[in-house]
Every structure is written in structure tokens, then in C-alpha cells.
Amino acid sequence: MDECGAAAALADGQRVVVMVERMKVKKRSNFETFIKFGTDASGLERTFRLFQALAQCIAHIPSIRSIFILFLSFLRLLLGSLFLSSTSNLSATQKELSSPSAEAEAQIITVTLGVRSKLAQGRRFFRLFRFLDSFHSASTLYYQYQAQTETDKSEVGTYCMWLDIMSKSFNGMYLLFETLGFFATLGVPGLDPWGPEVNMFLHVEGQRFWLFALICGVIGGVVRLVYDRDRAGGAGAGAGAANDGTSETEKENETGTREDDEHGNQLKEEERQRAALAKAEEKQRVVIRRDRRMRIRRRITADLLDFAQPGAVVGWFPDWPGMIGLMMVGSTWLTGVEVWEKCAR
């Protein structure tokens, strides 16, 4: 009896050690993560998207454009003070940059829009065959669902599974339509096999599929958050019942102590060890649950911010380029954090 209790306590301890070690995975340093992020395809794509969104904000929001012009002015004055030997040239440069002309501002708008277009074109190279990954993920989820037994299937799990399948399928269609219109973005005469009308159709319908994918992703994330909260409440009630059971066991152990001190002390020690192990496991579960909920919230926020871009193309949202650029900055930052965390592992 005592050997079995000791073996169970040892097994519980090993399980907790495994959980703790899993949580304490060594991560790369910030510099190593930056190198990994800068050489990773997803990291580069997120970086290009951030620059594209900033260029769109500069081109369409006057206040941000003024800040950008002020920054350029300061930079050119700094370089001029270091490398220009003539005071008259430096004064002329300072006067020119302190009050930029309308022509200079129009040139900045033209340049930033050109940069935005080229960055958008460059990002499509990273997504050329991404539709295969989306369709593969959707089919994998479907076959995993079909392989589950009836006892393993839950109503909430079924809803989330089908929402994930639809989200990845819609996203695959968006990426497929984008790939079909890839030749038109190259701008090579005679290379485009479709023509302007078909390319416009592919663009608009692809954005529509992307919007459907975002909607399914947001609904699935909200369902997961609600279900996870309810499950956490049930787990808390179960933990309270377990504590009550432990109290009853301790009372029985006290009775056993009166009959046999040595045997009772050993049982109490095992109970204390098990309680400590259960407490450590509960702490780890709380940390894992908090991290999971944080990731779900972050993904929901990013998807909501991305609504504006495809919604404006299909005509369901106002076409405000400046606001869309700001929302792109937010969503790109949130999704870029996910890639950064992946590169840090």
C-alpha cells in the first residue's frame, strides 16, 4: 500500500517536472530572434506589409505626412551640418526644408504611393503557393474530425472545427484567386493570360473570400473564448470539490494517526505531497490557459482590423485609405508578434 502511494506520488512529480520543463524552453536572444525574423519568409512578408501600411498612412493622412516631412527635414539638416562646408548652402537647405512647397509634398505622396505599390507586389511572391497550405490545413482538420469517435465529439468542438475548416477554405480560395492574377501584377506586356476584366473579377472575388475567412475566424475565436471561460469555471468548481475531498481524507488520516502514529504520519506526508503537486499542476494550467486566451484575443483583434481592407474592395465598408492604412499597421503588428514569438523558440 505504501509502495503504491509512493509510486503514484513519484509519477505525479515527474509529470509536473515535465510540464515545468516544457514551459521553460530556452528561447533565443533578441538579436538571434531578429536575425531569424529577418530571414524567415513570414517575417519578411510581415515587415513588407508594415512598411506598405506606413507608406499608405503617409500618403493619405496629412498629419502623419507632416511628421514624416519633419523627420526628413531633421535628417537632411543633420547630414548637411556634418558634410556641407558652406554656411550659405546649409542656410538654403534649412529654409527649403522648414517650409516645404506643395510640389515637394506632392512628390512625397507620389513616392510613398509608388513604394506602397512595389511592396504590395513583392509580398505576393511570398504568397504564390500559400493556397496549397490553406487547403491542406482545411482537409487535415476535416479528416481529423471524421476520425473522432462520437464520444470525443462535442457540440462546441464541432462548431469550432467547422468554422476553422471554412475559414481555411475561404482563405485558400482568396490565395488561389490572387495566384491566378499574379501575372498581371508583373506588368510584362503580353504575359497576362486573362485581361483586365478577368483580373478585376479575380481581385474583387478574392477579397470577398478573404473577408469570409476573417468572419469565420472571428466567430470561431469568440466561441473558443466563451467555451474556455465556461470550462475554466467548471474546473474551478472541480478543484473546490477536490479540496473538500482532501479535507475529508485528512480527517480520516487524523483518526488513523490516533490508531497508528507511524502509518498516519506517512499518509499525511503523501497527502501533503499530492496537494503540493496538484497545486503546481493547477498553476501551470492557469498559465497555459491565460497564454491561450491571450493568443485567441490577439488573433480576433487582428482579424477585426483586417476587415476594412477587403470590405472596402467589395463595397461593404467605406473606402478610407488613411484609416485602412492605420488598421493595417495594427493588424500587421499583432500578427508580426506571433511570427516573432515563433522565431524566438
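Because the structure is a prediction, the values reported are computed rather than measured.

S.K.: I'd like to hear about the nonpolar core, residue by residue, with values.
M.R.: Judged by nonpolar contacts, the single largest core of 13 residues is most densely connected at I300 and F307. Listed by contribution, the elements that provide at least two residues to this core are α8 (155-180), α10 (196-259) and α11 (261-306). With near-sequence residues (within four places) excluded, F307 lies in contact with L211, L214, I215, V218 and F317. By size, the runner-up hydrophobic cluster in this structure holds five residues, among which are A53, A308, A312 and I324.

S.K.: Account for the pattern of salt bridges, naming residues and giving values.
M.R.: One pass over the full model with this rule turns up 17 salt bridges. The residue R293 makes a salt bridge to D228 at a minimum N-O spacing of 3.3 Å. Of this pair, R293 sits in helix α11 while D228 sits in helix α10, placing them 65 residues apart in sequence. As far as burial versus exposure is concerned, R293 and D228 are alike and both buried. Residues E341 and R298 are paired through a salt bridge, measuring 3.1 Å at the closest nitrogen-oxygen approach. Of the two residues, E341 sits in helix α13 (residues 321-344) while R298 sits in helix α11, which places them 43 residues apart along the sequence. Each of E45, R46, R123, R127 and E178 takes part in a single network of salt bridges with overlapping partners.

S.K.: Tell me about α8, residues and numbers included.
M.R.: Since the α-helix packs 3.6 residues into each turn, any two residues three or four apart lie on the same face. The end-to-end C-alpha distance of α8, which contains 26 residues, comes to 38 Å, matching closely the 38 Å that a straight helix rising 1.5 Å per residue would cover. Of all the positions in α8, only T158, C160, M161, L163, I165, S167, G172, Y174, L175, F177, E178 and T179 are classed as buried.

S.K.: Explain the packing of aromatic side chains to me, and be specific about the residues and the numbers.
M.R.: Within a pair of aromatic rings, the relevant descriptors are the distance that separates the centres and the angle that separates the planes. What the rule picks out here adds up to 14 aromatic pairs. Taking the centre distance of 5.5 Å and the plane angle of 85 degrees together, the rings of F177 and F209 count as edge-to-face. Here F209 lies in helix α10 and F177 lies in helix α8, a separation of 32 residues in the sequence. Ring geometry for F307 and F317: centres 6.5 Å apart, planes at 45 degrees, overall tilted. Highlighted residues: F307 in the loop between α11 and α12 (308-314) and F317 in the loop between α12 and α13, separated in sequence by ten residues. Given a relative accessible area of 34%, F317 falls into the partly exposed group. Ring pairs connect the aromatic residues F170, F177, F209, F212 and W316, which therefore count as one cluster.

Quick notes on the rules
Residue positions within a chain follow its written sequence, with the count starting from 1. With the structure being a predicted model, the display of local features is reserved for residues of pLDDT at least 70 and the display and counting of side-chain atom pairs for 80 or more, all residues being used for whole-chain, interface and lining totals. Hydrogens and waters are ignored; side-chain quantities use all the structure's heavy atoms. Only buried residues count toward a nonpolar core, which is a set of Ala, Val, Leu, Ile, Met, Phe, Trp, Tyr and Cys residues joined through side-chain atoms within 4.5 Å. Relative accessible area decides the class of each residue, using a 1.4 Å probe on protein chains only: under 20% of the type maximum gives buried, over 50% gives exposed, and in between gives partly exposed. Helix and strand definitions follow DSSP, with helices as H or I runs of at least four residues and strands as E runs of at least two, each counted in order from the N terminus. Residues are treated as being in contact if the distance between any of their heavy atoms lies within 4.5 Å. One speaks of a salt bridge when a side-chain nitrogen belonging to Lys or Arg is within 4 Å of a carboxyl oxygen belonging to Asp or Glu. A helix's residues, less one, multiplied by 1.5 Å, set its expected span. When two rings of Phe, Tyr or Trp (its six-membered ring) have centres within 6.5 Å they constitute a pair, described as stacked for plane angles under 30 degrees, edge-to-face for angles over 60, and tilted for the intermediate range.

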